[in-house]
Amino acid sequence: MTVPQSSTFPRFQLVADHSVLVEFGETIGAEAHEQVLDLDAALSRTPFAGFMEAVPAYVSILVRFDPLVTDHQAALSAVAALLATAERAARTASAHEVLVCYDDDLAPDLPAVAARVGACVEAVIEAHLSGAYSVFMYGFAPGYAYLAGVPERIQIPRKAAAVRGAAAGSVVIAGPQCLVTTLRMPTGWWNIGRSPTRIFDDGGDRPFLCDVGDRVTFKRISRAEFDAMAGA
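Here the structure is a predicted model, which is why all the values come from computation and not from measurement. (Residues numbered from 1 in each chain as written. Predicted model: local features only at pLDDT ≥ 70, side-chain atom pairs only at ≥ 80, totals over all residues. Heavy atoms only, no water.)

1. Details of the nonpolar core
Quick reminder of the rule: In this text, buried Ala, Val, Leu, Ile, Met, Phe, Trp, Tyr and Cys residues form a nonpolar core when linked through side-chain atoms within 4.5 Å. Exposure classes here rest on a 1.4 Å probe applied to the protein chains alone. A residue is buried below 20% of its type maximum, exposed above 50%, and partly exposed in between. Secondary structure elements follow DSSP: runs of H or I of four or more residues count as helices, runs of E of two or more count as strands, with numbering from the N terminus. Here a residue-residue contact requires only that any non-hydrogen atoms of the pair lie within 4.5 Å.
Counting residues in each nonpolar core, the largest one holds 33 residues, and the members touching the most others are Val22, Leu39 and Phe48. Those elements that place two or more of their residues in this core are strand S2 (19–23), helix H1 (30–45), strand S4 (60–65), helix H2 (72–85), strand S6 (133–138), strand S7 (145–148) and strand S9 (170–174). The residues contacting Val22, other than those within four sequence positions of it, are Pro10, Arg11, Phe12, Leu39, Val59, Ser60, Ile61, Val63, Val79 and Leu83. The next biggest cluster of nonpolar side chains, apart from the first, holds 28 residues, and it includes Val98, Tyr133, Ile154 and Val216.

2. Thoughts on the packing of H1 against H2
Going by this rule: In this analysis, axes come from line fits to C-alpha atoms, helices being fitted only over the stretch in contact, and the angle between any two N-to-C directions falls in the range 0 to 180 degrees. Throughout this description, any angle smaller than 35 degrees is read as roughly parallel, any larger than 145 degrees as roughly antiparallel, any in the 65 to 115 degree range as roughly perpendicular, and the remainder as oblique. Left-handed describes a crossing in which the near helix is turned anticlockwise from the far one by less than a right angle; the clockwise case is right-handed. Gly counts as polar in this scheme, as do all residues outside two lists: the nonpolar Ala, Val, Leu, Ile, Met, Phe, Trp, Tyr, Cys and Pro, and the charged Asp, Glu, Lys and Arg.
Across the interface, H1 lies against H2 with an axial gap of 10 Å and an inter-helix angle of 115°. Taken as axis vectors, H1 and H2 run roughly perpendicular relative to one another. In this structure, H1 meets H2 at a crossing whose hand is right-handed. Across from Leu39, Ala42 and Leu43 in H1, the residues of H2 making contact are Val79, Leu82 and Leu83. Here the residues of the contact of H1 with H2 sort into six nonpolar, no polar and no charged.

3. Some remarks on empty space enclosed by the protein
Applied cut-off: Method remark: on a 1 Å grid restricted to protein atoms, a set of points is classed as a cavity if a 1.4 Å probe fits but cannot get out and as a pocket if it is open with protein on both sides within 12 Å along at least five of seven lines; lining residues have an atom within 4 Å of a point. Grid points are joined across faces, edges and corners, and a volume is the space filled by probe spheres set on the points.
In this structure the tally under the stated criterion is one cavity of 30 Å³ or more. The computed volume of the largest cavity comes to approximately 60 Å³. Grouping the amino acids of the lining of the largest cavity by side-chain chemistry returns eight nonpolar, no polar and no charged.

Written out as structure tokens, the structure is:
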């Protein structure tokens, strides 16, 4: 089946034989993400026959269903009915504090970020600490919680090419986004600090520190505090 395309939102896309992608916008923003969270909550409260899971992202949500139970048309109808009747959900977001050390060897890109935004290193640190962050999605690698809320004055595009070997716990930014890496791997984002806070625990009952929609603040710590916590 084909889905009529519209210049307005929400938009719907069929994915394989088992999903519908619902889009609420094209740019990262609070309003579109609130709609994502509302539909996610509505699907949790009132799942349709064959519904399997919903995967929220910045401005879209993937609605996955069992193709042996239902089909695209029924899923589209169910989602459309929820959108027509859903009300803005009252949510209580959990708050999390993430520790970060900005010492030179733990923040290799801080000077470059400062130069690009025309500020000193301390001003970049202060701006980063002042951000109002929220978890918009998980993706790319295990435990990668994508945060929106980087202050506009330190927003810069990602690097032209990825750099290998970013350590787990690296605090990286790109545009309005920030995350704390959980694995040693390449990244094209700007590495401005290192955190000893455990974001992802693959051996625990609750692997992720945060849920989508939760709030995050960063707290600066000294190198001695970082070393003590990282070595514990």
